[in-house]
Amino acid sequence: MILGLVTVLVLLGLFAALAQRRPGRPHRTALRTGWRQLRPLLLRLPLALLAAAFLITLLPQEAVVAYLGESSGWQGVLLASLFGGLLPGGPAVSFPLVLVLIDEGAGTAQLIALLTAWSVLAFHRVAAHELPTLGARYTLARLLASAPLPIVAGALAGALVRFTAAGI
Amino acid sequence: MTLFFLALASAAGGAVYALQGPEAVAAAAGRAGGLLLRVAPIVVAAVLISGYAQALMPRETVQRWLGTGSGLRGLSLATAAGALTPGGPFAAFPLVVALLGAGAAFEVCVAFITAWSVLGLNRVIVYEIPFLGVHFVALRLLASLPLPFIAALLARPVGRWLRLGP
């Protein structure tokens, strides 16, 4: 996590330097956009982390391993896809939840299916952004075309895990 | 959304209190607080990077890249553009509307939005690697690389079936 913070800070410095060389020096625009994204998180992130901690306390570790663990197979991938599609919130809220699931013993293929479903199906994002901007028919068409993707990604990830585990 | 998490946290917290007592509530809250302290600096830096990325790479640039090209070259270009497009849904969906309006094919837009959501480099670098580690992220990206193309292939018959424009 320290390494992660260092990466992010280096990247931020790089972007700020790039902006400094641009004619308009768009620091102010960047700060305003960033603040607009941060504001809703100030309350939401602590609440989401708290909710996740409580839910994990209620959910026994054996259940996570049994339903989403490495050996849960395609049923686990399917369950993870459903869960991922329903998981609300942006990356700042979702990745900490996934981190908790990793700690509790969820499998890699299952987590990749979950993250894929969260990113392509994300029902909250569909309702909040996609329906209002694209309209119902285009949204429906995109969702239908994307529905199999989490399972494809989970299956591919499972195959890759087995492939690398076999040491080839 | 905030209300949803408030309700969820209260309900789950109440259930923990009823089933396992106040010590379990305190332990879980402590865990959440610890994670918050580790995550908060990354999140603050992340939204600033996202702000800079959007300021440096405006919507018009991406739009000019995509144009109306379809076929494998168009899909590859759309996938690359989607992976490089910074910013959240506020930025991405208006871009798709603009592309459709400019005459881009529906499957190209599907490839773009799928790549933006599963391959988005902004999110990978800023959130995913710090939280989940390089190994996991590399595996996920490798497994996700074909997805924009698969979605675009499926989008063509679905679009025809729903009688979306040409």
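Model, not experiment: these values are computed from the prediction. (Residues numbered from 1 in each chain as written. Chains lettered and ligands numbered in written order. Predicted model: local features only at pLDDT ≥ 70, side-chain atom pairs only at ≥ 80, totals over all residues.)

### Side note on the overall build of chain B
When its secondary structure is counted, chain B shows eight helices and zero strands. Each helix (α) and strand (β) of chain B, taken in turn from the N terminus, gives the series α-α-α-α-α-α-α-α. For 166 residues, the compact-globule estimate of 2.2 N^0.38 gives 15 Å, and chain B exceeds it by more than 25% at 20 Å. If one aligns the C-alpha atoms of chain B with their principal axes, the spans along those axes are about 60 × 35 × 30 Å. When burial is assessed residue by residue, chain B has 48% of its 166 residues classed as buried. In chain B, the proportion of contacts linking residues at least 24 apart, taken out of those at least 6 apart, comes to 75%. (Helix = DSSP H or I, 4+ residues; strand = E, 2+ residues; numbered from the N terminus. Rg over C-alpha atoms; globule rule 2.2 N^0.38 Å. Buried ≥ 20, exposed ≤ 12 C-beta atoms within 10 Å, placed from the backbone. Contact = placed C-beta atoms within 7 Å.)

### A short note on the interface of chain A and chain B
Opposite the 72 residues of chain A that make contact, chain B presents 73 residues. The set of elements that each furnish at least two residues to the side of chain A that touches chain B consists of helix 1 (2–21), helix 2 (27–38), helix 3 (41–58), helix 6 (91–103), helix 7 (108–120), helix 8 (123–134), helix 9 (136–146) and helix 10 (149–165) of chain A. In terms of residue count, the dominant contributor to the side of chain A that touches chain B is helix 3 of chain A (15 residues). Broken down by class, the residue content of the side of chain A that touches chain B amounts to 50 nonpolar, 16 polar and six charged. (Nonpolar A, V, L, I, M, F, W, Y, C, P; charged D, E, K, R; others polar.)

### Some thoughts on the packing of helix 3 of chain A against helix 1 (residues 2–56) of chain B
Two quantities define a packed helix pair, namely the angle between the axes and the distance from one axis to the other. The contact between helix 3 of chain A and helix 1 of chain B brings their axes to 5 Å, and the two run at 130°. Here helix 3 of chain A lies oblique to helix 1 of chain B, going by the angle between them. Read as a crossing pair, helix 3 of chain A and helix 1 of chain B show a hand that is right-handed. Across the contact of helix 3 of chain A with helix 1 of chain B, the residue classes tally to 27 nonpolar, four polar and two charged. (Axes fitted to C-alpha atoms, helices over the stretch in contact; angles between N-to-C directions. Parallel < 35°, antiparallel > 145°, perpendicular 65-115°, else oblique. Left-handed = near helix turned anticlockwise from the far one by under 90°.)

### Some thoughts on helix 6 of chain A
The terminal C-alpha atoms of helix 6 of chain A lie 18 Å apart, and with 13 residues this matches the ideal 18 Å at 1.5 Å per residue to within 8%. Of all 13 residues in helix 6 of chain A, 10 are buried, a share of seventy percent or more. When we look at burial in helix 6 of chain A, the residues that qualify are Pro-91, Ala-92, Val-93, Ser-94, Phe-95, Pro-96, Leu-97, Val-98, Val-100 and Leu-101 of chain A. Buried residues belonging to helix 6 of chain A abut helix 3, helix 4 (61–68) and helix 7 of chain A together with helix 1 and helix 6 (121–132) of chain B. (Expected span 1.5 Å × (residues − 1).)

### Re the domain arrangement of chain A
Along its sequence, chain A is organised into domain 1 (1–39) and domain 2 (42–165). Relative placement of domain 1 of chain A and domain 2 of chain A: their C-alpha centres are 28 Å apart. (Domains from an automatic or database assignment.)

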